[in-house]
Amino acid sequence: MEVEGSSKKMIATQAEMVEAKVPIPYRDQCAHLLIPLNKCRQAELYLPWKCETERHIYEKCEYELVMERMIKMQKIREQEANLKSGKKSPIPLIPNTANAS
Amino acid sequence: MSLASTAGYVARRAAQRERVRILYRRALKDTLNWAVHRHLFYQDASELRERFEVHKHVEDPDTIDRMIEDGEAQYNKWRHPDPYIVPWAPGGSKFTRNPTPPSGIEIVYNFGREDHLEN
Amino acid sequence: MYLLIVFLPLLGSSVAGFFGRFLGSEGSAIMTTTCVSFSSILSLIAFYEVAPGASACYLRIAPWVSSEMFDASWGFFGDREVTGPTVVMLIVVTSISSLVHLYSISYMSEDPHSPRFMCYLSILTFFMPMLVTGDNSLQLFLGWEGVGLASYLLIHFWFTRLQADKAAIKAMPVNRVGDFGLAPGISGCFTLFQTVDFSTIFACASAPRNSWISCNMRLNAITLICILLLIGAVGKSAQIGSHTWSPDAMEGPTPVSASIHAATMVTAGVFMIARCSPLFEYPPTALIVITFAGATTSFLAATTGILQNDLKRVIAYSTCSQLGYMIFACGISNYSVSVFHLMNHAFFKALLFLSAGSVIHAMSDEQDMRKMGGLASSFPFTYAMMLMGSLSLIGFPFLTGFYSKDVILELAYTKYTISGNFAFWLGSVSVLFTSYYSFRLLFLTFIVPTNSFGRDILRCHDAPIPMAIPLILLALGSLFVGYLAKVSNFWANSPFVLPKNEILAESEFAAPTITKLIPILFSTSGASVAYNVNPVADQFQRAFQTSTFCNRLYSFFNKRWFFDQVLNDFLVRSFLRFGYEVSFEALDKGAIEILGPYGISYTFRRLAERISKLQSGFVYHYAFAMLLGSTLFVTFSRMWDSLSSWVDNRSSFILIVSRFYNNK
């Protein structure tokens, strides 16, 4: 499922997330990685040095999401600054994500 | 000077001596409250003693009275807000903690095994 | 099994309380310690079931109050999603309480009232799980009042001491002021949701509703309820309005301070906020108020602690400050991190209190830091424990405090609101002061050349075994628990957070690195300032004696910002005067007595005396009375029809009685 403005797709379905009782704030594009992570954690009694691989994959995905959000925010700020000053900068200073308009 | 005024003079000087002694002791204890470390305390105590010794020779009772009042005012100004009081003295942290019960009352603390417990 | 967790301490306390004279101090100590230790082992099993095992447990035991809509029952609530805090708190409370019981066996061995002490400690350990595992707010309130009662009993343990009486009496009403906010909050919940049951309230919390009360501003009902509940937490957890009871509560024995003011009672407020997190998520105003209150408290308590001279008071202010951290962590919607910090704090604060108790016990009950010094060579074990506790407290990297304190500060920064930034800066400055006073404590007590009296030093001894074992266990906890538990806090026991308030991922990646380093920088600078001021270059102390500004500053910080002096003069005196002169003397002893029992009995006695004088013994008096009576009877029976409209039985009775109701 596509999410606008983001290069990541929504892979876990709503039914799966409800089944796995993922907390509402964590039901984003990375939730399909969170579900196996939680299962691993539960199996390993939440010890901090286990489940390294799953945690690394999940954190990398979340990191990319956070970076996307920061880029979007910077673009919004630049657009507002442009609106205020009234001229458009010819050189795109900010990179675009894959699916962004 | 007549005999009565000499006696009065001597009595007044004795009273002043007592006041100075009390003031000096209190100021010394207060210095200990402020200066925690011993080497600082020795320096401060010597300074305090110097300040008292400077006026040792003054004879006139009125001047002495004024100086004592000055000294007491200064002492009150620089008093420590949280003085150290020995724990079992009034105001200390252990005062009347477990006072001895009044005589004539017998309290059984530990049936048959009192020698284990220090009352 | 779950019932045993709650009721074993009650069993221990009733046996020790009622039969302590027969069991003796050793017997009651063994009884209570065994009960509470079993309770803690069982709560570990319950934690294992609920959190990693993910199997909820909900026991509805018996109905308590069921009158139409208001249906409260005794229940044990150990469900994973809603109440992760519950089982964490159970473990914290019962294990620390069992360690404190073990510690007080040897600490209070010379005290003749030791069975009573053990009984009171167990009562505390009973009421706290009752608070924590309640499934409706009425049971929470019962536990709340119960821990207030237990704290009063424990602070007031040496009741022959005037200061202890004053402190206990101060603690109880200040807590009451908090309860004065909590009770309307619970009734407001009931009015709004028609139930006190937590699961129903949390399910209905998201329904939108109109503004309810306006006293010159629009207050949503739920904002009002949350602010009232916050007032309750402020009273219990010694936040800024009601923090005055906490340092005076050091009048109780040190194990009391460790259990009440490190782990149990003061965390009840934080627990209540974390438990009602679905309720607190909806009004953003209430969250801002919580953040401000918590941040201000942590700053105020930290600045007061830097210039205290009593060992236990420093640690008490440290507790206030860390509680401020927990409250503002709740205010920025991170309830699970707050409960995590609660757990960590319980470990290292209990360690600090118990090792302070060991020092005090060894120095024959000398509590003032200015009269201690150089004890590192006399008791190295206690020094090591205190050092571990202090390092953990200041957030030394990779010890326990680091994993919770620094996370809270980062989250506060990442919140990007005014209240979040305010909290971040105040919290960071508090880190500076925290590290300063922790190191000052260590230096003045253990490292500087001796300032103590010879009699103390000659008789000092290191901690005996029953005091050493809890210290070791708590030290292990305060070193490793942070690392071991840092994962389980984030996802498993998550209290409910609105999606727009969740900032954990942001804070991990988006906060600039300097933000993450600021707490460490501040704590190092605090430590170096402490090092410079105390052992080395201590001529700064002279400044307090020579400059008026420094003197006033010292008094300001030492006397807790003169907060309780102001409070005493303006509020407390007038309330006490009202309570004594008006409501006690004028109303209770005055009007109500006269209109009530005393007045009535006096009147009737006098009436009887008067009437008995009619029996004079003279025949002509009796003849006159007979004549008068028959005349009146004939008159009234003939003229009743015309008179009856003007004669009212009640007024004529009052007229007759008041004839005899003269001056007293």
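A few points on the structure. (Residues numbered from 1 in each chain as written. Chains lettered and ligands numbered in written order. Predicted model: local features only at pLDDT ≥ 70, side-chain atom pairs only at ≥ 80, totals over all residues. Heavy atoms only, no water.)

**Section: the state of the cysteines**
- Inspection of the entire model under this criterion finds 2 disulfides over all chains.
- Bridging Cys30 of chain A to Cys61 of chain A, the disulfide has an S-S length of 2.0 Å. With the S-S bond torsion at -95°, the cross-link from Cys30 of chain A to Cys61 of chain A turns out left-handed. Pair noted here: Cys30 of chain A is in the loop between α1 (14–19) and α2 (31–43) and Cys61 of chain A is in helix α3 (residues 52–85), with a separation of 31 residues, a long-range link. Note on accessibility: Cys30 of chain A and Cys61 of chain A belong to one class, buried.
- Through a disulfide, Cys40 of chain A is tied to Cys51 of chain A; the S-S separation comes to 2.0 Å. The sign of the -100° torsion about the S-S bond sets the Cys40 of chain A-Cys51 of chain A disulfide as left-handed. Here the residue Cys40 of chain A occupies a position in helix α2, and Cys51 of chain A occupies one in the loop between α2 and α3, the gap between them amounting to 11 residues. Cys51 of chain A matches Cys40 of chain A in its accessibility class, with the two residues each being buried.
- If the cysteines joined by disulfides in chain A are listed in sequence order, their pairing comes out as 1-4, 2-3.
- Cys119 of chain C provides the cysteine sulfur closest to Cys35 of chain C, a residue in no disulfide bond, and the two sulfurs are 12 Å apart. (Disulfide = S-S within 2.5 Å. Helix = DSSP H or I, 4+ residues; strand = E, 2+ residues; numbered from the N terminus. Buried < 20%, exposed > 50% of the residue type's maximum accessible area, 1.4 Å probe, protein only.)

**Remarks on the packing of aromatic side chains**
- Under the criterion given, the structure shown has 23 aromatic pairs over all chains.
- With 5.4 Å between their ring centres and 65° between their planes, Phe398 of chain C and Phe402 of chain C make a pair best called edge-to-face.
- Ring geometry for Phe439 of chain C and Phe443 of chain C: centres 6.0 Å apart, planes at 40°, overall tilted. A residue pair is termed a helical-turn pair when its members lie 3 or 4 positions apart in one helix, as Phe439 of chain C and Phe443 of chain C do in helix α17 (residues 418–447) at 4 residues.
- Aromatic rings pair up to connect Trp49 of chain A together with Phe398, Phe402, Tyr403 and Tyr483 of chain C into one cluster. (Phe/Tyr/Trp six-rings, centres within 6.5 Å; stacked < 30°, edge-to-face > 60°.)

**With respect to the side chain of Thr319 of chain C**
All names here are of chain C.
- Tracing the backbone shows Thr319 in helix α13 (residues 311–331).
- A relative accessible area of 2% means that Thr319 is categorised as buried.
- For Thr319, the side chain forms a polar contact with the main-chain oxygen of Ile315, separated by 2.9 Å.
- With residues near it in sequence (within four places) discarded, Thr319 still touches His261, Val266, His345, Lys349 and Phe353. (Polar contact = N/O pair within 3.5 Å; in protein donor to acceptor, adjacent residues only side chain to side chain. Contact = heavy atoms within 4.5 Å.)

**Considerations on helix α15 (residues 380–393) of chain C**
All names here are of chain C.
- Along its 14 residues, α15 runs 20 Å from first to last C-alpha, staying within 8% of the 20 Å computed at 1.5 Å per residue.
- Those residues of α15 that fall on the buried side of the exposure criterion are Thr382, Met385, Met386, Gly389, Ser390, Leu391, Ser392 and Leu393.
- The elements touched by buried residues of α15 are α13, α14 (335–362), α16 (400–414), α17 and α19 (465–485).
- Backbone geometry just downstream of α15 places Gly395 in the positive-phi region, at approximately 85°. (Expected span 1.5 Å × (residues − 1).)

**A closer look at the environment of Phe556 of chain C**
Residue and element names in this part refer to chain C.
- The topology assignment puts Phe556 in helix α24 (residues 548–558).
- In this structure Phe556 comes out as partly exposed when scored by relative accessible area, which is 29%.
- Sequence separation of Phe556 and Ser199 is 357 residues, and the distance between their C-alpha atoms is 47 Å.
- Contact partners of Phe556, with chain neighbours within four places excluded, come to Trp561 and Phe562.

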